[in-house]
Amino acid sequence: MPSVDLDPEVARERLEAAGVAVEPGNTDHERWRAERGNANAVAYDDTVVVQGSRPTDLLALLRDEQGDRAHVYFDGACRGNPGPAAVGWVIVTSDGIVAEGGERIGKTTNNRAEYEALECALEAARDYGFDEVDVRGDAQLIVRQVTGEYDTNNPELRKRRVRARELLEDFDQWSIEHVPRAVNDRADSLANEALDDG
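This report concerns the structure included in the present document. This one's a predicted model, so the numbers in the text were calculated from it and none came from an experiment.

1. Overview of the layout of surface pockets
Turning to step 1, where the next piece is worked out: Here the second largest pocket is characterised by a volume of approximately 220 Å³.
Turning to step 2, where the next piece is worked out: Considering the residues around the second largest pocket, the lining is formed by Gly-52, Ser-53, Arg-54, Pro-55, Thr-56, Trp-89, Glu-100, Gly-101, Gly-102, Glu-103, Cys-120 and Leu-190.
Turning to step 3, where the next piece is worked out: Ranked by residues supplied to the lining of the second largest pocket, first place goes to strand β8 (residues 96-108) with four residues.
Turning to step 4, where the next piece is worked out: In the lining of the second largest pocket, the residues fall into four nonpolar, five polar and three charged.

What follows is the structure, encoded as structure tokens:
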């Protein structure tokens, strides 16, 4: 679970300024608690711990720096086509891994899982406040459809391509590129771990 090296009172002010309700802590050691979306934060004397299935729902509000550039990796995994599926994504800056996630998404096709992974990754990067993203994935078909190099005949995939482009347009600058699986290994591992845990 991520912890934020931030004075708890400064963190409280940022959350309240964003309209997040801050409640008293549940124990003598907790200064306060807050919840937003699928994340909750607990403040202790010198740190804030963020938990939940989507910690980015709160972490984005607590970040001190805005407007950075990030490398965003995504991968979808599917066992059978269609079959049980999961997504994995990683956000990396010069400081290392900023955030990562993986979760099961039910039964779907491999291409739909790849698109959903891309959407999750872009939403996380947006929520973290990044202005510029370099997106990388090992799904060549998805990358080429998003760039317009390939047509998208399947109506469901066409809808997902439009959504991905909308998310990309939220950034001041972006690029998307196909990379070998070895370069995308962390996102791949997170997707497969989510499938294994299910």
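2. Concerning the packing of helix α3 (residues 110-127) against helix α4 (residues 140-147)
Turning to step 1, where the next piece is worked out: Relative to each other, α3 and α4 sit at 60°, their axes nearing to 10 Å. Classified by the angle their axes make, α3 and α4 are oblique. In the crossing of α3 with α4, the sense of the turn from one axis to the other is right-handed. Residues Asn-111, Glu-114, Tyr-115 and Leu-118 of α3 pack against Leu-141, Ile-142, Gln-145 and Val-146 of α4.
Turning to step 2, where the next piece is worked out: Residue composition of the contact of α3 with α4, grouped by class: five nonpolar, two polar and one charged.

3. Notes on the nonpolar core
For soluble globular proteins, nonpolar side chains are generally found buried alongside one another.
Turning to step 1, where the next piece is worked out: Of all hydrophobic cores here, the largest spans 45 residues; its most connected members are Trp-32, Leu-118 and Val-135.
Turning to step 2, where the next piece is worked out: The greatest single-element share of this core, amounting to eight residues, is contributed by α3.
Turning to step 3, where the next piece is worked out: Discounting residues that sit within four places of it in the chain, Leu-118 has contacts with Phe-74, Val-135, Ile-142, Val-146, Ala-164 and Ile-176.
Turning to step 4, where the next piece is worked out: Among the nonpolar cores identified, the runner-up in size contains five residues, and Ala-77, Ala-86, Ala-191 and Ala-194 belong to it.

4. Let's talk about the pattern of salt bridges
Turning to step 1, where the next piece is worked out: For the structure shown, the criterion picks out 20 salt bridges.
Turning to step 2, where the next piece is worked out: The partner of Arg-126 in a salt bridge is Asp-127, with the nearest N and O atoms 3.3 Å apart.
Turning to step 3, where the next piece is worked out: Looking at Arg-126, the relative accessible area reads 32%, which means it is partly exposed.
Turning to step 4, where the next piece is worked out: Glu-156 is the partner of Lys-159 in a salt bridge, and the nearest nitrogen-oxygen pair spans 3.7 Å. Of this pair, Lys-159 and Glu-156 both sit in helix α5 (residues 155-168), separated by three residues, roughly a single helical turn.

5. Considerations on the pairing of strand β5 (residues 48-51)
Turning to step 1, where the next piece is worked out: Pairing analysis gives two bridges linking strand β1 (residues 3-4) to β5, with the strands arranged antiparallel. Within the sheet, the bridge partner assigned to Val-4 lies in β5 and is Val-48.
Turning to step 2, where the next piece is worked out: Linking two consecutive strands that pair antiparallel, namely strand β4 (residues 39-43) and β5, is a turn of four residues.

6. Topic: α3
Residue pairs three or four apart in sequence face the same way in an α-helix, which turns once every 3.6 residues.
Turning to step 1, where the next piece is worked out: Spanning 18 residues, α3 covers 26 Å between terminal C-alpha atoms, matching the ideal 26 Å at 1.5 Å per step.
Turning to step 2, where the next piece is worked out: Following α3 by one or two positions, Gly-129 adopts a phi angle in the positive range, close to 90°.

7. What about the sheet that holds strand β3 (residues 32-36)?
Turning to step 1, where the next piece is worked out: Read from one edge of the open sheet, five strands run β1-β5-β4-β3-β2, paired in antiparallel fashion. One side of each edge strand has no neighbouring strand; the edge strands of this open sheet are β1 and β2 (22-24).
Turning to step 2, where the next piece is worked out: Strand contacts of helix α1 (residues 8-17): β2, β3, β4 and β5, with the helix running at about 35° to β3, the strand carrying the most contacts.

8. Points about the environment of Ala-41
Turning to step 1, where the next piece is worked out: Looking at the element boundaries, Ala-41 is found in strand β4.
Turning to step 2, where the next piece is worked out: Here Ala-41 falls in the buried class, since its relative accessible area comes to 1%.
Turning to step 3, where the next piece is worked out: Between the C-alpha atoms of Ala-41 and Asn-153, which are 112 residues apart in sequence, the distance is 43 Å.
Turning to step 4, where the next piece is worked out: Other than its neighbours up to four places away in sequence, Ala-41 contacts Trp-32, Arg-33, Ala-34, Val-48, Val-49, Val-50 and Leu-58.

9. Quick look at the sheet that holds strand β9 (residues 132-137)
The strands making up a sheet associate through hydrogen bonds between their backbones, and the pairing can be parallel or antiparallel.
Turning to step 1, where the next piece is worked out: Judged by pairing direction, the sheet is mixed, and its five strands sit side by side in the order β8-β7-β6-β9-β10 without closing on themselves. Edge positions in the sheet fall to β8 and β10 (173-178), since each of these pairs with one other strand and no more. In this sheet, neighbouring strand axes are inclined to one another by 15° on average, regardless of whether the strands run parallel or antiparallel.
Turning to step 2, where the next piece is worked out: Packing against the sheet, α3 makes contact with β6 (69-78), β7 (83-93), β8, β9 and β10, and its axis sits at approximately 155° to β6.
Turning to step 3, where the next piece is worked out: Along the sheet, helix α6 (residues 185-197) makes contact with β6, β7 and β8, crossing β7 at roughly 145°.

The rules behind each value
Residues numbered from 1 in each chain as written. Predicted model: local features only at pLDDT ≥ 70, side-chain atom pairs only at ≥ 80, totals over all residues. Heavy atoms only, no water. 1 Å grid on protein atoms, 1.4 Å probe; cavity = no way out; pocket = protein on both sides within 12 Å on 5 of 7 lines; lining within 4 Å. Points joined across faces, edges and corners; volume = space filled by probe spheres on them. Helix = DSSP H or I, 4+ residues; strand = E, 2+ residues; numbered from the N terminus. Nonpolar A, V, L, I, M, F, W, Y, C, P; charged D, E, K, R; others polar. Axes fitted to C-alpha atoms, helices over the stretch in contact; angles between N-to-C directions. Parallel < 35°, antiparallel > 145°, perpendicular 65-115°, else oblique. Left-handed = near helix turned anticlockwise from the far one by under 90°. Contact = heavy atoms within 4.5 Å. Core = buried A, V, L, I, M, F, W, Y, C linked by side-chain atoms within 4.5 Å. Buried < 20%, exposed > 50% of the residue type's maximum accessible area, 1.4 Å probe, protein only. Salt bridge = Lys/Arg side-chain N within 4 Å of Asp/Glu carboxyl O. Pairing = 2+ DSSP bridges. Expected span 1.5 Å × (residues − 1).

Functional significance is not addressed by these values, which are geometric in nature.
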